[in-house]
Amino acid sequence: MAPSAFKNFLVTFLMPEKCYKRFFVNFHMNGACLRFVMNRVMGFLILLDTFLAQLPQLLKILWRRSADGLSLTSALLQLYAFSCPVVYAIAHHFPLFAWGERLITLTQTAAIVFLILYYRGRTLTGILFLLAFGGAMLLLASYAAAAVVSAMQASSLPALIASKVFQAGTNHSNDSTGQLSSLSVLLSWAGSLGFIFVSLQETGNWLATVSHTLSACLSCVLLAQVFCPDATKKKSE
């Protein structure tokens, strides 16, 4: 039963049956099959990043009832980065199924920004910000010039990279990662790996490859800050 279940899982999610036979029956490492499996795995990592990366952070804030240690600047940059693909998709009249996952991520990030403000005692500011942000999104998607929308799309990745720099700086200043979710950082790192692979295999865009590599490296820095004990402690401790 176990080998059959293992085979069914691999054939269903990772590879065609001919590749399964080459790998596990004939024990032959076929280049085409390896590329196929890597494409599947990296696509899965990108999906995890897109759908779930923000959710653990949101749930951790709600569970702990605190947003201590989270950089508001970082969260705002993430919100901008995730809003750019949504504005681009709406402006170009893409069908919802083509960008719906981006809307989910954007909604989660907007909730995180609000909760950071809420737990800092700035509830009214958070509400007004969400209203202003929603209005700005609607106006940009409906009336912004094509050049503006394209520029926003191009700037989304640099904004995401900058958000990680600000969060890493906040962690360093506080000597603590606070309520930063290690799972969210891990999913973001995995998604960056997926994008690196895609940019190398399909687009050949060296700038995108370098940008995603930098993003993955910054995620590694955040992971190190989360998992490694602080090298120094404040004297008062």
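How each quantity is defined
- Numbering of residues starts from 1 in each chain and follows the order in which that chain's sequence is written.
- Where local features are concerned, this predicted model is filtered to residues with pLDDT of at least 70; where side-chain atom pairs are given and counted, the filter is 80 or more; whole-chain, interface and lining totals use all residues.
- Only heavy atoms go into the side-chain values, all of them from the structure, while hydrogens and water stay out.
- Secondary structure elements are defined from DSSP: runs of H or I of at least 4 residues count as helices, runs of E of at least 2 residues count as strands, and each element is numbered from the N terminus.
- Note on contacts: a residue pair is in contact if any heavy atoms of the two residues lie within 4.5 Å.
- Per-residue and other accessible areas follow the Shrake-Rupley method at a 1.4 Å probe size, with only the shown protein chains counted as cover for residues.
- The convention is simple: Lys and Arg are positive, Asp and Glu are negative, and His and the chain ends are not counted.
- Working definition for charges: the position is that of NZ of Lys, CZ of Arg, CG of Asp or CD of Glu.
- Note that a disulfide, as used here, is simply two cysteine sulfur atoms within 2.5 Å.
- In this scheme, a residue with accessible area under 20% of its type's maximum is buried, one over 50% is exposed, and one in between is partly exposed, where area comes from a 1.4 Å probe on protein chains only.
- UniProt positions are given in the numbering used here, feature names are shortened, and annotations may be inferred rather than shown by experiment.
- Axis angles are defined between N-to-C directions and span 0 to 180 degrees, where every axis is a line fitted to C-alpha atoms and, for a helix, only to the segment in contact.
- When describing relative orientation, an angle under 35 degrees is termed roughly parallel and one over 145 degrees roughly antiparallel, while 65 to 115 degrees is termed roughly perpendicular and anything else oblique.
- It is the rotation of the near helix from the far one that decides the hand of a crossing: anticlockwise by less than a right angle makes it left-handed, clockwise makes it right-handed.
- In this classification, Asp, Glu, Lys and Arg are treated as charged, Ala, Val, Leu, Ile, Met, Phe, Trp, Tyr, Cys and Pro as nonpolar, and every other residue, Gly included, as polar.
- Multiply 1.5 Å by the residue count of a helix minus one, and that product is the helix's expected span.
- Polar contact is the term for a pair of N or O atoms within 3.5 Å; when the atoms are in protein, one must be able to donate a hydrogen and the other to accept it, and sequence-neighboring residues count only if both atoms are side-chain atoms.

Peer 1: Please clarify how the overall build of the protein chain should be interpreted in this entry.
Peer 2: Of regular secondary structure, the protein chain possesses ten helices and zero strands. From first element to last, N terminus to C terminus, the protein chain shows the α and β order α-α-α-α-α-α-α-α-α-α. Principal-axis analysis of the C-alpha atoms gives the protein chain an extent of 65 × 55 × 35 Å. In the protein chain, the proportion of contacts linking residues at least 24 apart, taken out of those at least 6 apart, comes to 75%. Just so you have it, the protein chain exposes about 13600 Å², and 68% of that area is on carbon and sulfur atoms. Taken as two groups, the 16 positive and 8 negative side-chain charges of the protein chain have centres that lie 5 Å from each other.

Peer 1: Explanation requested: the state of the cysteines in the structure shown.
Peer 2: By definition, a disulfide links the sulfur atoms of two cysteines through a covalent bond. According to the stated counting rule, one finds one disulfide in the structure shown. There is a disulfide in this structure between Cys19 and Cys33, and the S-S distance comes to 2.1 Å. The disulfide joining Cys19 to Cys33 has a torsion of about -80° about its S-S bond and is therefore left-handed. Taken together, the positions of Cys19 in helix 2 (residues 17-25) and Cys33 in helix 3 (residues 31-52) put the pair 14 residues apart, joining distant regions of the chain. Cys33 sits in the buried class, given a relative accessible area of 1%. Summary of cysteine pairing: Cys217 is not part of a disulfide, and the nearest cysteine sulfur, belonging to Cys220, is at 6.1 Å. What makes Cys217 partly exposed here is its relative accessible area of 43%.

Peer 1: Sorry if this is basic, but what is going on with the UniProt feature "transmembrane region" (unreviewed entry) in the protein chain here?
Peer 2: Taken from the UniProt record, the annotation "transmembrane region" (unreviewed entry) applies to residues 44-63, 69-91, 103-121, 127-149, 180-200 and 206-228. Along residues 44-63 one finds 90% helix and 0% strand; the C-alpha atoms at either end are 27 Å apart. For residues 206-228, the helix share is 96%, the strand share is 0%, and the end-to-end C-alpha distance is 32 Å.

Peer 1: How should I be thinking about the packing of helix 5 (residues 72-91) against helix 6 (residues 100-118) in this particular structure?
Peer 2: Think of two packed helices as two axes; the pair is described by the angle between the axes and how far apart they sit. Two elements in contact, helix 5 and helix 6, have axes whose closest approach is 9 Å; the angle formed by their N-to-C orientations is 155°. Classified by the angle between their axes, helix 5 and helix 6 sit roughly antiparallel to one another. Both helix 5 and helix 6 take part in a crossing whose hand is left-handed. Each of Leu72, Ala75, Leu76, Gln78, Leu79, Phe82, Ser83, Pro85 and Val86 in helix 5 lies in contact with helix 6, whose residues at this interface are Arg102, Leu103, Thr105, Leu106, Thr109, Ala110, Val113, Ile116 and Leu117. Counted by class, the contact of helix 5 with helix 6 contains 13 nonpolar, four polar and one charged residues.

Peer 1: What should I look at first to understand the side chain of Ser163 in this one?
Peer 2: You can see Ser163 is positioned in helix 8 (residues 146-174). Residue classification places Ser163 among the buried residues on the basis of a relative accessible area of 1%. Residues in contact with Ser163, not counting those within four places in the same chain, are Ser74, Leu77 and Gln78.

Peer 1: I keep staring at helix 5 and nothing clicks. Help me out?
Peer 2: An α-helix turns once every 3.6 residues. As a result, residues three or four positions apart point the same way. The terminal C-alpha atoms of helix 5, which comprises 20 residues, lie 28 Å apart, in line with the 28 Å expected from a rise of 1.5 Å per residue. Capping the start of helix 5, Ser71 holds a side-chain oxygen 3.4 Å from the backbone nitrogen of Thr73, two or three residues further along. His93, located one to two residues past helix 5, shows a positive phi value of around 60°.

Peer 1: What exactly am I supposed to notice about the packing of helix 8 against helix 10 (residues 206-227) here?
Peer 2: Interhelical geometry of helix 8 versus helix 10 gives an angle of 20° and a closest axis separation of 10 Å. For the element pair helix 8 / helix 10, the angle class is roughly parallel. Regarding helix 8 and helix 10, the two cross each other, and that crossing is left-handed. From helix 8, Leu157, Ile161, Lys164, Val165, Gln167, Ala168, Asn171 and His172 reach across to helix 10, where they touch Ser211, His212, Leu214, Ser215, Leu218, Ser219, Val221, Leu222 and Gln225.

Peer 1: Got a minute to help me understand unusual backbone geometry in this structure?
Peer 2: A negative phi holds for most residues other than glycine; trans holds for most peptide bonds. Backbone geometry places His93, a non-glycine residue, at a positive phi of 60°. Of note, His93 is situated in the loop between helix 5 and helix 6. Take His93: its relative accessible area is 69%, and that puts it in the exposed class. One non-glycine residue, Asp175, lies in the positive phi region at around 55°. Positionally, Asp175 belongs in the loop between helix 8 and helix 9 (182-203). Judged by its relative accessible area of 27%, Asp175 falls in the partly exposed class.

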